[in-house]
Amino acid sequence: MKAQRNAQDNIRRELDAMPLPDSPLTEEQKRRILARACEKAGLKAPAAPGAGRSLRVGKSRPVRGRRRAVRTLLVAAAVVCLGTVTVAAAPAVLRMLQGEIPFFAVTPTASPETADPLKAPRGSYDSARAQLEAYNAPVGQSVTHDGVTMTLDTIAMDVSGMDAFFTIDGGEAIQGAIGQDGYTPDWDKLQALFKMWRTAVNGDDNALNQVQTDYYLNEAGQLQIWSHYLFKTPPQGEEIRVEIHAECNIGPEADSLYGDWQPFEFAVSLDGASVRAGGFTVQPGTYDMGQGGTIDPETAGLNWPELADKITGPTRVERPLYIRYLAFGPLGGSLTTDLGGIEYLDGVIRAEGLSGEELALADDTGKTIYASSNHQQNLESLNLTAPDPAATALTLTPVVLDMDHYDLQTRTVTMDQMRSGVQIPLSPLGGYTVRNFAIEDHAITYEMVPYGVWAGGDANLIPDDEGVIDLVESEATVLGGEQDGETVTIYHSGLLSRTADGTTGVITVRHDYYAATREQIESIPGFRYNYQGAYSLDTDHALTLPLQPTD
């Protein structure tokens, strides 16, 4: 009895010492958590004060923002309780708590002025860092192969997605990747060293989409990696089992055409309640958005052998919205849609379903929700910025292109305008504002901040560098066709890359030039982009869906 009483006292002291800035735990909440912890530890729970009396509980008005904070703190308190009591050996179940993330802790502040992205992430993530460090779990699992150690440092998960942070310690392998021949920048060569897109959640290897990675070398020469994933299905269960099937190209045949990829397997169990805390989803399903059109096989160039049983003449093709998953959590939001498609002779897949980029989103307080991606790793899943804490519903409005009033314009901006923070309207509905424009020894960098009710459209700013910069020449052999086997010369200017901060919708852009000097880059007169004046909102077919709590 004395040992049990000491254990209970230890738990109470841990609860009292917890930092609870906004919503301190009541004595009743502490008692309930203490009882749960003792139950898991095989101890007798303390009696409730006033046991045997009937209590009448009054009604309370739900306040969404504070409820979310209290739920998270309750989970945090439970972790302290369980950590104080000695329990039987079992796989650890991790909970989302506040904590520093090494990826952010050891890097210099990421900014477009960082000349070498080997020394800092390419993107700017101040907002994302604040949210991730308020909601994550340290892991510390390491796997070693052939002198290379990969460590899963930290994992963060809510109902919208997962963020996994790794450290690779293997100087020879890292330097070998950087030292490869080629004209691409060194940071790009490192992508040939690792991949971690294969995952499984509760045994489902199709639950997550990897949508972005960023990385850099820390001062110790280790490779710090951040991999960002979005959910396509809701994370369910009391315990959520996560597997990350990472790989490194470090085997004996690493220099071969296909590489020699060695497995680095990680597995963690996460507390389902803490993952779902503070989350909201909308009902998945097929929604008629009033969109579609008529396809005439004779004029559209359809691949008849494959489609003869589907389209036998001018046919009306509806374009519904297939919402596979739409959710918001403490770390942000995500939207995954099923696109479907019809194959044409030109090899292009025309979507049958609407994509998230064809929707303007807003919550019922009027706040605009911006969708973002780096447009490089995945097209069916998009980051979403968070709704207002008071929001209870989300409105999705189709964005339509009026072909009868098609108005595609090529517009230009000067380098001085880019430096001053010019606004880039992509349509009458909105666009981006440029900020933090910088020219480095070999690159141009800037950020694009969304504005308006919809920031979609063609968001590519193309530098007018033709005839201004030096190019890199390479030779290639033609395979097939009339020129089969012939050697041709190819000219390369540079590499365009983008990273997105899903919490804000801000996109960081890099134009890395392969051979151009700083003086040549400075002499580029400006950029051009496409403006489409025929985009509008189809408010008659807007869809409003309630936000449903997940906790």
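Residues numbered from 1 in each chain as written. Predicted model: local features only at pLDDT ≥ 70, side-chain atom pairs only at ≥ 80, totals over all residues. Heavy atoms only, no water.

Brief notes about the overall build of the chain
Link 1 in the chain: The helix and strand inventory of the chain stands at 12 helices and 35 strands.
Link 2 in the chain: Out of the 551 residues in the chain, the part that is buried amounts to 48%.
Link 3 in the chain: Roughly 26700 Å² of accessible area belongs to the chain as shown, and the carbon and sulfur atoms make up 49% of that amount. (Helix = DSSP H or I, 4+ residues; strand = E, 2+ residues; numbered from the N terminus. Buried < 20%, exposed > 50% of the residue type's maximum accessible area, 1.4 Å probe, protein only. Areas by Shrake-Rupley, 256 points an atom, 1.4 Å probe, with all protein chains shown as cover.)

Remarks on the sheet that holds strand S23 (residues 408–414)
Link 1 in the chain: In space, the three strands of this open sheet follow the order S23-S32-S27, with antiparallel pairing throughout. Strand pairing shows two members of the sheet lacking a second neighbour, S23 and strand S27 (462–463), which therefore form its edges.
Link 2 in the chain: Sheet topology places S27 next to strand S32 (residues 526–532); two bridges connect them, and they run antiparallel. When the bridges of S32 are listed, proline 463 appears paired with phenylalanine 527. (Pairing = 2+ DSSP bridges.)

As for the confidence of the model for the chain
Link 1 in the chain: With 75% of its residues at a pLDDT of 70 or more, the chain has an overall mean of 81.
Link 2 in the chain: The low-confidence segment residues 47–91 (pLDDT under 50) makes 56 contacts with residues lying over four places distant or belonging to another chain.
Link 3 in the chain: pLDDT under 50 marks residues 344–349. Its contacts with residues more than four places away, or in other chains, come to 14 contacts. (pLDDT = per-residue confidence, 0-100. Contact = heavy atoms within 4.5 Å.)

Quick word on the sheet that holds strand S5 (residues 194–201)
In a beta sheet, neighbouring strands pair by backbone hydrogen bonds and run either parallel or antiparallel.
Link 1 in the chain: Taken together, four strands build an open sheet; the order of strands is S1-S9-S8-S5 and the sheet is mixed. Each having just a single partner strand, strand S1 (93–94) and S5 make up the two edges of the open sheet.
Link 2 in the chain: Relative to strand S8 (residues 239–249), S5 runs antiparallel, the two being bridged by six bridges. From the neighbouring strand, phenylalanine 194 faces S8, where its bridge partner is cysteine 248.

Considering the pattern of salt bridges
Link 1 in the chain: Counting across every chain of the model gives 16 salt bridges.
Link 2 in the chain: Note that aspartate 271 and arginine 95 form a salt bridge whose closest N and O atoms lie 3.8 Å from each other. One end of the pair, aspartate 271, is in strand S9 (residues 261–271); the other, arginine 95, is in the loop between S1 and helix H4 (102–105), and 176 residues separate them in sequence.
Link 3 in the chain: The buried category is assigned to arginine 95, whose relative accessible area is 17%.
Link 4 in the chain: Here aspartate 186 and lysine 189 are joined by a salt bridge, their closest N and O atoms 3.7 Å apart. In this pair, aspartate 186 and lysine 189 both sit in helix H7 (residues 186–189), three residues apart, roughly one turn of the helix.
Link 5 in the chain: By relative accessible area, which is 32% here, aspartate 186 ends up partly exposed.
Link 6 in the chain: Look at the salt bridges and you will find they share partners, linking Asp416, Arg419, Asp441, Arg518 and Glu522 into a network. (Salt bridge = Lys/Arg side-chain N within 4 Å of Asp/Glu carboxyl O.)

Concerning the packing of aromatic side chains
Aromatic ring pairs are reported here in terms of the distance separating the ring centres and the angle at which the planes meet.
Link 1 in the chain: Inspection of every chain in the model, using the stated rule, returns 15 aromatic pairs.
Link 2 in the chain: Seen in terms of ring centroids, phenylalanine 103 and phenylalanine 104 are 5.3 Å apart; in terms of plane orientation they differ by 85°. Their pairing is edge-to-face.
Link 3 in the chain: Classification of phenylalanine 104 by relative accessible area gives buried; the value is 5%.
Link 4 in the chain: In this structure phenylalanine 103 comes out as buried when scored by relative accessible area, which is 1%.
Link 5 in the chain: Of the aromatic side chains, those joined through ring pairs into one cluster are Phe103, Phe104, Tyr125, Phe165, Tyr216 and Trp226.
Link 6 in the chain: Taking NZ or CZ as reference, lysine 195 lies 4.2 Å from the ring centre of tryptophan 261, over its face.
Link 7 in the chain: The ring of tyrosine 531 has arginine 411 lying over it, and the distance from NZ or CZ to the ring centre is 3.7 Å. (Phe/Tyr/Trp six-rings, centres within 6.5 Å; stacked < 30°, edge-to-face > 60°. Lys NZ or Arg CZ within 6 Å of the ring centre and 35° of its normal.)

Focus on the side chain of aspartate 158
Link 1 in the chain: Assignment of secondary structure puts aspartate 158 in the loop between strand S3 (148–157) and strand S4 (161–169).
Link 2 in the chain: Classification of aspartate 158 as buried rests on a relative accessible area of 0%.
Link 3 in the chain: Separated by 2.6 Å, the side chains of aspartate 158 and serine 160 make a polar contact.
Link 4 in the chain: Here aspartate 158 is in contact with Tyr135, Phe231, Pro235, Val275, Gly329, Pro330, Leu331 and Gly332, once residues within four sequence places are set aside. (Polar contact = N/O pair within 3.5 Å; in protein donor to acceptor, adjacent residues only side chain to side chain.)

Remarks on the pairing of strand S34 (residues 543–546)
Link 1 in the chain: Of the two faces of S34, only the one carrying Leu543 and Leu545 is buried; Thr544 and Pro546 on the other face are not.
Link 2 in the chain: Note: strand S22 (residues 393–401) against S34, four bridges, orientation antiparallel. What sits directly across from leucine 396, in S34, is leucine 543.

Let's talk about the nonpolar core
Link 1 in the chain: Within the largest apolar cluster, 58 residues are counted, with the highest numbers of intra-cluster contacts made by Leu190, Leu223, Ile244 and Leu270.
Link 2 in the chain: Among the nonpolar cores identified, the runner-up in size contains 28 residues, and Tyr432, Ile444, Tyr446 and Tyr513 belong to it. (Core = buried A, V, L, I, M, F, W, Y, C linked by side-chain atoms within 4.5 Å.)

Quick look at unusual backbone geometry
Residues other than glycine predominantly adopt negative phi, and peptide bonds predominantly adopt the trans conformation.
Link 1 in the chain: Not every positive phi belongs to a glycine, and asparagine 202 is a case in point at roughly 50°.
Link 2 in the chain: Of note in the backbone geometry, asparagine 436 takes a positive phi value of approximately 55° without being a glycine.
Link 3 in the chain: Structurally, asparagine 436 is set in strand S25 (residues 430–439).
Link 4 in the chain: For asparagine 436, a relative accessible area of 37% puts it in the partly exposed group.

Observations concerning the environment of tyrosine 491
Link 1 in the chain: If you trace the backbone, tyrosine 491 turns up in strand S29 (residues 487–492).
Link 2 in the chain: Separated by 17 residues in the primary sequence, tyrosine 491 and serine 474 have C-alpha atoms spaced 6.5 Å apart.
Link 3 in the chain: In this structure, tyrosine 491 is in contact with Leu471, Val472 and Glu473, ignoring residues within four places of it in sequence.

What about helix H6 (residues 171–178)?
Link 1 in the chain: When we look at burial in H6, the residues that qualify are Ile174, Ala177 and Ile178. On an axial view of H6, the arc spanned by its buried residues comes to 100°, and they lie on one face.
Link 2 in the chain: Among the structural elements, S4, H7, strand S6 (208–217) and strand S7 (223–231) are those in contact with the buried residues of H6. (Arc of directions from axis to C-beta.)

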